[in-house]
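Summary of structural features
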Amino acid sequence: MNRFLKNKFFLITLAVALTLSLSATILAVMGVNDPVRNLFGTITLPVRWCASKIAEGIDGYRVYFNKIDELVEQNKALRDENAELREQLAESELAARQDDYLREYLDLPWLVNDWSLTDATVIGREASSYRTTYTLNRGSLHGIKKGMPVVTAQGVVGSVAEVGLSYCRVVSIIETASSVGVYAKRSGASGLLVGDMKLRADGMCLITYIEADADIKVGDLIVTAGTGSIYPAELTVGTVVELIPDDVSRMLTATVRPAAELEGLGEVMIITDYQIKPYSYDDIDPSLGEDTDAEHSEVTE
Amino acid sequence: MRKNIRHYFTPTASLMRKIAIFGGWLLLLLLIQSTADIGAGLGRTVPALLLTAVSALGFFDSEKVGAVAGIAAGWALDAYSGSTVALLPLVGFCIGYFSGIVAGRLLPRGILPWGVCLGAVSVINMLCTAIGAAVTMPALRPLALIWHTLLPELVLTLLWGIPTGLVTRLLVRIERKIPTHRNNNE
């Protein structure tokens, strides 16, 4: 022991290591952004971007050679689903027209989500084993703030957990620490979306606190509730793949596969601002009204 | 005092070469560890490539190189991943320094004896992950953490540690074989 205490090199390097560890931890606990880390993150941004692109390319080849059979099957399933969705789209277009007409007829206010979006690219994934976080190439310089939701065209990815000058880190929804209020689009059955250490490895998460007699089934689309959460309402989260009843708590737990493809995530959008506001009748497309009027007159005739 | 400062901080050709070779290798490992999805098949965990390389540098080169590389690698890893508990500079320093101390004294400098250091690095990394997870996610179930994260991480670190150690040893040998200017003049 005395040998180490007399060694100047040991003492100096130990002091440096202790200072780096303690200062970073204290600043993180205080919620202060470490300026040295911030600088490091900003300087290494181009290197991260290049590494991310190389890894993406390598991963593409790996998927091509390892998962070709799976991709062929998936392609067939998607074609079938596409045909089914086209039918559903035609039906929902008709329903939307009727809805437009009735809202105008009964003078009901329209509530819409008004979002401001910023596009971003994933330039890295977190280097620890128990969290799934992604580094994006947008930071405080681009108006990004902690807690902003991140989405893709498919659905919710997660929310911004840390913001640097030109980068930010996103915690995904399958992260064990996250919890989001959600409900089933079809029936309105609600619950709390949480991460699970076991399911995380398969890219899935759980909905807990669903009433035992709630109307929810496998295949139901899950969307965000928007109540007291950082996420706006009606954002697609995923679909139910399994239901597990708990006899003790008389509650249901549902396993959910996120709609956003978290594996191989590339381009995302950050919702920088959102508000729910009544839709003004002035904003309604006049041609839509004419169509519904014409249809209405045809029906009355 | 002036003599000591010169001894430590004069950027000799050998020192610059070490910084370039070992620094480049550590940077490459940092990018592989944080970008490539190498743990996709095993619970999405990440092997501790950097800490393994730090241990190998300390073991095959010297405790001084190991300690400095450990601090730099640990700090870069913490900064890169944005973890709340920034333990890694201290852990990296200890791994690098003590790997160098045991080499040649308690263990002969060979690839098989270095396996002991690899085992120690895997266990230390597992403990760091457990501390980080406990602080970040207090509601976590310990059994789930051990089974789905810590054990896969241990296995991955042991598996990926072997090629990482071999390449690091090779780099140390290459770096030693490059002739210095003084040698050339002689």
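Residues numbered from 1 in each chain as written. Chains lettered and ligands numbered in written order. Predicted model: local features only at pLDDT ≥ 70, side-chain atom pairs only at ≥ 80, totals over all residues. Heavy atoms only, no water.

Turning our attention to the packing of aromatic side chains. Considering all chains together, one arrives at 8 aromatic pairs over all chains under this definition. Taking 6.3 Å as the distance between ring centres and 70° as the angle between the ring planes, the aromatic pair formed by phenylalanine 10 of chain A and phenylalanine 98 of chain B counts as edge-to-face. In this pair, phenylalanine 10 of chain A sits in helix H2 (residues 8-30) while phenylalanine 98 of chain B sits in helix H5 (residues 88-102), so the two residues belong to two different chains. What makes phenylalanine 10 of chain A buried here is its relative accessible area of 9%. Ring geometry for phenylalanine 93 of chain B versus tyrosine 97 of chain B: centroids 5.8 Å apart, planes at 25°, classification stacked. Here the residue phenylalanine 93 of chain B and the residue tyrosine 97 of chain B both occupy positions in helix H5, the gap between them amounting to 4 residues, near one helical turn. For phenylalanine 93 of chain B, a relative accessible area of 1% puts it in the buried group. Relative accessible area serves as the criterion here: at 1%, tyrosine 97 of chain B is assigned to the buried category. (Phe/Tyr/Trp six-rings, centres within 6.5 Å; stacked < 30°, edge-to-face > 60°. Helix = DSSP H or I, 4+ residues; strand = E, 2+ residues; numbered from the N terminus. Buried < 20%, exposed > 50% of the residue type's maximum accessible area, 1.4 Å probe, protein only.)

Ranked by size, the top nonpolar core spans 39 residues in total, and within it Leu136, Val160, Leu193, Ile222 and Ile270 of chain A carry the most contacts. With 4 residues, strand E4 (residues 156-163) of chain A is the single largest residue contributor to this core. Look past the residues within four positions of leucine 193 of chain A in its chain and what remains in contact with it is Ile173, Ser178, Ser179, Val180, Val182, Cys205, Leu206, Ile207, Val237 and Val256 of chain A. Counting residues in hydrophobic clusters, the runner-up holds 38 residues, among them Leu57, Trp75, Trp114 and Val172 of chain B. (Core = buried A, V, L, I, M, F, W, Y, C linked by side-chain atoms within 4.5 Å. Contact = heavy atoms within 4.5 Å.)

Scored by pLDDT, chain B has a mean of 82; 81% of the residues are at 70 or more. When the elements of chain B are averaged for pLDDT, helix H8 (residues 181-185) of chain B gives the smallest value, 49, and helix H3 (residues 49-60) of chain B the largest, 94. (pLDDT = per-residue confidence, 0-100.)

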